[in-house]
Amino acid sequence: MTTFNFTRRTALTGLATAPLIGMTAAPALAQPAQQGPLIPRISRFGVGAFEVTTLLVGSRTADEPQGIFGMNVSAETFAEASAEANIPADQNQFFFHPTLVNTGSELILFDTGLNGAAITQAVEMAGYTPDAVTHVILTHMHGDHIGGLMMDGAETFPNAAYITGQVEFDHWSGTDNEGFANMVAPLAEKMTFIGDGASIRPGITSMAAFGHTPGHMAYMLDSNGQQLLIFADLANHYVWSLAYPDWEVRFDMDKEAAAASRRRVLGMLAADGVPFIGYHMPFPGVGYVETRGDGFHYVPHSYQLLL
Ligand SMILES: [Zn+2]
């Protein structure tokens, strides 16, 4: 079980143990303290003239991933597919990473993570202060995406304008959802609501990818002829959801629509060679897709976007 708590700094205490051998000459070195797994928290690269930073705000291990990612297949099928991809079938590591885009004139945050403290710390690690964020754009309104909008009853990003999908907002505003009430409703007056194919900022276009939630949106960045799709929760596992887009995912509210969105959008990315950022993909969560068999294969970004 590996859980990284990014909201609290862990004090590293060097445990110097007494030397066990020898009372003689050379002073014995302290036992080297093991530090535990380490994941980079910030990754920055370019898309045309845009500077794009992915911010890891949390990561945790989950057991029994078939119950999340392969609800409609047999245990044998799930185990086989996992073994083929060299990943365990009984555990999964989740990642949570919003994206920060500096267009040169605007600083735009896509989704806000689990809580205000973690996203604030991540934005600061990326070299900015929260009050420098000009726009917060939401892909959808699950708690792990809206959780950082407010902190202690105040806006985490006090100078930001907010943009989100109309369908998504309308859905959640008609429910009795605590996250929506605490995080989104207080900001509703300041929000701009958009639909599919809207040019929402210079070089940023919305793309409907409904299914995971009723109004889940993806956003295409386009600068100097280069593109990248921020696809959020369109596909949440690099093997189970990319290679097998029809496998049912517990968190997809409309499973059929989610699978159809996956096939349509991943097919487009594969055909056009456009890279994407997946919010829950292994950090930094940037890669390409190619078609393979009846599904898709994830090709992680190496250095293409650093050139
Ligand atoms: Zn999510």
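All values derive from a computational prediction rather than experimental measurement.

Chemist: Honestly, the pattern of salt bridges in this entry has me stumped. Any pointers?
Modeler: Side chains that differ in charge, positive against negative, can pair when their charged atoms come close. Scanning all chains against the criterion turns up 6 salt bridges. For the salt bridge of Arg44 with Glu51, the shortest nitrogen-to-oxygen distance reads 3.9 Å. Among the ionic pairs, Glu106 bridges to Arg201, the shortest N-O distance being 2.4 Å. Taken together, the residues span a long stretch of sequence, with Glu106 in the loop between strand S5 (99-102) and strand S6 (107-110) and Arg201 in strand S12 (residues 199-201) at a distance of 95 residues. The structure contains a network of salt bridges with shared partners spanning Asp246, Arg263 and Asp294.

Chemist: Any chance you could explain the side chain of Glu168 here in plain terms?
Modeler: Within the fold, Glu168 resides in helix H5 (residues 166-173). Here Gly215 takes part through its backbone nitrogen, which lies 2.8 Å from a polar atom of the side chain of Glu168. In this view, Glu168 contacts His140, Met141, Thr213, Pro214, Gly215 and His216; residues no more than four positions away in its chain are not counted.

Chemist: I'm lost on the sheet that holds strand S16 (residues 276-278) in this one. Help?
Modeler: By way of backbone hydrogen bonds, the strands of a sheet pair with one another, either parallel or antiparallel. If you trace the 7 strands from one edge of the open sheet to the other, you get S12-S13-S14-S15-S16-S17-S18, paired in mixed fashion. Taken across any chain shown, the strands that pair with only one partner, and hence form the sheet edges, are S12 and strand S18 (295-300). Geometrically, the sheet is characterised by an average inter-axis angle of 35° between neighbouring strands, direction not taken into account. Sheet analysis places S16 next to strand S17 (residues 286-292), joined by 2 bridges and oriented antiparallel. Bridging across to S17, Ile277 finds its partner in Val286. Strands strand S13 (204-208), strand S14 (217-223), strand S15 (226-232), S16, S17 and S18 of the sheet are contacted by helix H7 (residues 255-272), whose axis makes an angle of about 100° with S17.

Chemist: Please clarify how the nonpolar core should be interpreted in this entry.
Modeler: Generally speaking, nonpolar side chains in soluble globular proteins are found buried as a group. Among the nonpolar cores identified, the biggest contains 42 residues, and Val136, Leu149 and Val184 are the most heavily contacted of them. At the level of elements, helix H1 (66-69), helix H2 (75-84), strand S4 (91-96), S6, helix H3 (116-125), H5 and helix H6 (178-184) are the ones that each hand at least two residues to this core. A per-element tally of this core places H3 first, with 4 residues. Apart from residues no more than four positions distant in its own chain, Val184 is found in contact with Met141, Ile146, Leu149, Phe169, Gly179 and Met191.

Chemist: Just to check I follow, could you spell out H2 for this structure?
Modeler: Along H2, the residues that are buried comprise Phe78, Ala81 and Ser82. Looking down the long axis of H2, one finds its buried residues gathered within 100° of arc, a one-sided arrangement. Exposed residues lying more than 90 degrees from the buried face of H2 are Glu76, Glu80, Ala83 and Glu84. Residues of H2 that are buried in the fold lie against H1. With its phi angle positive at about 60°, Asn86 sits one or two positions after the end of H2.

Chemist: How do you make sense of the packing of aromatic side chains when you look at a structure like this?
Modeler: The description of two aromatic rings rests on the distance between their centres and on the angle between their planes. Considering all chains together, one arrives at 12 aromatic pairs under this definition. With 4.4 Å between their ring centres and 10° between their planes, Phe231 and Phe276 make a pair best called stacked. Here Phe231, found in strand S15, pairs with Phe276, found in strand S16; they are 45 residues apart in sequence, far enough to count as distant. Just as Phe231 is buried, Phe276 falls in that class too. Three or more aromatic residues joined by ring pairs form one cluster here, namely Phe69, Phe78, Phe94, Phe96, Trp240, Tyr244 and Trp247.

Chemist: Honestly, the sheet that holds strand S2 (residues 50-55) in this entry has me stumped. Any pointers?
Modeler: With respect to topology, 7 strands assemble into an open sheet ordered S1-S2-S5-S6-S7-S10-S11, the strand pairing being mixed. The open sheet is flanked by strand S1 (42-47) and strand S11 (191-194), the only strands paired with a single partner. Adjacent strand axes in the sheet meet at a mean angle of 20° when their direction is disregarded. In this structure, S5 lies alongside S6, joined through 4 bridges in antiparallel fashion. Each residue of the ladder has a partner; that of Val101, found in S6, is Ile108. On top of the sheet, H3 reaches S1, S2 and S6; it is set at about 135° to S2, its chief contact.

Chemist: Help me understand the confidence of the model for the protein chain in this model?
Modeler: The predicted coordinates should not be examined in detail at positions where pLDDT is low. This prediction gives the protein chain a mean pLDDT of 93; 92% of its residues lie at or above 70. Contacts for the low-pLDDT stretch residues 8-20, under 50 throughout, to residues beyond four places or in other chains number 6 contacts.

Chemist: Even after reading the chapter, I still don't get empty space enclosed by the protein, so can you show me in this structure?
Modeler: Summary: where empty space remains is shown by rolling a probe the size of a single water molecule over the atoms. Throughout the structure, instances matching the rule amount to 1 cavity of 30 Å³ or more. The computed volume of the largest cavity comes to approximately 40 Å³. The wall of the largest cavity is formed by His97, Pro98, Thr99, Phe110, Asp111, Thr139, Ile230, Ala232, Ile277 and Tyr279. Considering only residue class, the lining of the largest cavity consists of 6 nonpolar, 3 polar and 1 charged.

Rules used in this analysis
Residues numbered from 1 in each chain as written. Predicted model: local features only at pLDDT ≥ 70, side-chain atom pairs only at ≥ 80, totals over all residues. Heavy atoms only, no water. Salt bridge = Lys/Arg side-chain N within 4 Å of Asp/Glu carboxyl O. Helix = DSSP H or I, 4+ residues; strand = E, 2+ residues; numbered from the N terminus. Polar contact = N/O pair within 3.5 Å; in protein donor to acceptor, adjacent residues only side chain to side chain. Contact = heavy atoms within 4.5 Å. Pairing = 2+ DSSP bridges. Axes fitted to C-alpha atoms, helices over the stretch in contact; angles between N-to-C directions. Core = buried A, V, L, I, M, F, W, Y, C linked by side-chain atoms within 4.5 Å. Buried < 20%, exposed > 50% of the residue type's maximum accessible area, 1.4 Å probe, protein only. Arc of directions from axis to C-beta. Phe/Tyr/Trp six-rings, centres within 6.5 Å; stacked < 30°, edge-to-face > 60°. pLDDT = per-residue confidence, 0-100. 1 Å grid on protein atoms, 1.4 Å probe; cavity = no way out; pocket = protein on both sides within 12 Å on 5 of 7 lines; lining within 4 Å. Points joined across faces, edges and corners; volume = space filled by probe spheres on them. Nonpolar A, V, L, I, M, F, W, Y, C, P; charged D, E, K, R; others polar.

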